[in-house]
Amino acid sequence: SQKIEQNSEALNIQEGKTATLTCNYTNYSPAYLQWYRQDPGRGPVFLLLIRENEKEKRKERLKVTFDTTLKQSLFHITASQPADSATYLCALDGDSNYQLIWGAGTKLIIKP
Amino acid sequence: NAGVMQNPRHLVRRRGQEARLRCSPMKGHSHVYWYRQLPEEGLKFMVYLQKENIIDESGMPKERFSAEFPKEGPSILRIQQVVRGDSAAYFCASSPGLPDSGNTIYFGEGSWLTVV
């Protein structure tokens, strides 16, 4: 079955630096991959979607890459701010065209 | 335009009671999904519904769990005879179309069920 792995350890980054989060997957070739942000006690909020034929996607300070050979997506936040502190989740399309398979998320802490 | 509305936000039930979780999708959205999240785990798909139809309930336990999305009113996730293992955050999401067509999925704030 499909498996998604995100670093379970919290990532501590100094304000202003670039934060890079990793999402690895196995046993699958997804058509697309998504990144979400989740704050404590809140629902996930969609950030970016990248398709299998796209290498890179940008949105303001966010950048996502998708390497289907390595089966990996990297999520970058440039010029990080304390307000970026949250848990970031990656999700890929499952066997169906409506079901998402989720990683457990990586907690990002931006220190002032 | 209100987002996906879930209620109650927090619910405490004793073992054996019933839990009813409600979800009103965003206006214009006909696709509703329910996911469950346990601490330190990823969200797990439970069920996908369109108006008056259950499209896929493969992620939902066969017993005690049921879901509906009536023609009028919110979607309901119902858990009968709750057990401690049902304690989790239950998220509802909606979209105007299927995700693979590039439609964004919007999540509600979740309903936190605690079984004591």
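See the structure printed just above.
Residues numbered from 1 in each chain as written. Chains lettered and ligands numbered in written order. Predicted model: local features only at pLDDT ≥ 70, side-chain atom pairs only at ≥ 80, totals over all residues. Heavy atoms only, no water.

Enquirer: Looking at this structure, how should I read the overall build of chain B?
Expert: Helices and strands together make up the secondary structure of chain B, namely zero helices and 11 strands. Helices and strands appear in chain B in the N-to-C order β-β-β-β-β-β-β-β-β-β-β. Over its C-alpha trace chain B gives a radius of gyration of 13 Å, about what one expects of a compact globule, namely 13 Å for 116 residues. For the C-alpha atoms alone, the extent of chain B along its principal axes is close to 40 × 30 × 25 Å. Out of the 116 residues belonging to chain B, those deemed buried represent 42%. Sequence separation of 24 or more characterises 52% of the internal contacts of chain B that already satisfy a separation of 6 or more. Accessible surface computed for chain B: about 5800 Å², of which carbon and sulfur atoms make up 46%. (Helix = DSSP H or I, 4+ residues; strand = E, 2+ residues; numbered from the N terminus. Rg over C-alpha atoms; globule rule 2.2 N^0.38 Å. Buried < 20%, exposed > 50% of the residue type's maximum accessible area, 1.4 Å probe, protein only. Contact = heavy atoms within 4.5 Å. Areas by Shrake-Rupley, 256 points an atom, 1.4 Å probe, with all protein chains shown as cover.)

Enquirer: I keep staring at the interface of chain A and chain B and nothing clicks. Help me out?
Expert: Many structure descriptions define interface size as the accessible area lost when the parts assemble. On the side of chain B, 24 residues touch chain A, which itself brings 17 residues to the contact. Here chain A packs against chain B, burying approximately 1800 Å² in sum over the two surfaces, 55% of which is carbon and sulfur. Between Glu109(B) and Arg42(A) there is a salt bridge, with the nearest N and O atoms lying 2.5 Å from each other. Scanning the region where chain A abuts chain B turns up six residue pairs in polar contact (both at pLDDT 80 or more). Listed by contribution, the elements that provide at least two residues to the side of chain A that touches chain B are β4 (32-38), β5 (45-51) and β10 (100-102) of chain A. Residue contributions to the side of chain A that touches chain B peak at three residues, all from β4(A). Residue composition of the side of chain A that touches chain B, by class: nine nonpolar, six polar and two charged. (Buried area = accessible area lost by both parts, 1.4 Å probe. Salt bridge = Lys/Arg side-chain N within 4 Å of Asp/Glu carboxyl O. Polar contact = N/O pair within 3.5 Å; in protein donor to acceptor, adjacent residues only side chain to side chain. Nonpolar A, V, L, I, M, F, W, Y, C, P; charged D, E, K, R; others polar.)

Enquirer: Quick question: what am I supposed to make of the layout of surface pockets here?
Expert: In this approach, a probe sized like a water molecule rolls over the atoms, and the result shows the empty space that is left. Approximately 630 Å³ is the volume found for the largest pocket. In terms of lining residues, the largest pocket is bounded by 26 residues, among which Gln38(A), Thr87(A), Gln37(B), Pro39(B) and Glu40(B) are the most central. When residues of the lining of the largest pocket are traced back to their parent elements, those giving at least two are β9 (86-93) and β11 (106-111) of chain A together with β9 (88-95) and β11 (111-115) of chain B. The dominant element in the lining of the largest pocket, judged by the number of residues it contributes, is β11(A), at four residues. Residue composition of the lining of the largest pocket, by class: 12 nonpolar, nine polar and five charged. Within this model, the second largest pocket holds a volume of roughly 240 Å³. Lining the second largest pocket are 18 residues, and of these Arg36(B), Gly42(B), Leu43(B), Lys44(B) and Phe45(B) sit closest to its centre. (1 Å grid on protein atoms, 1.4 Å probe; cavity = no way out; pocket = protein on both sides within 12 Å on 5 of 7 lines; lining within 4 Å. Points joined across faces, edges and corners; volume = space filled by probe spheres on them.)

Enquirer: So what exactly am I meant to see when it comes to the side chain of Gln99(A) here?
Expert: Note on placement: Gln99(A) falls in the loop between β9 and β10. Every residue in contact with Gln99(A), bar those within four places of it in the chain, is listed here: Leu92(A), Asp93(A), Gly94(A), Tyr35(B), Phe45(B), Asp56(B) and Ser58(B).

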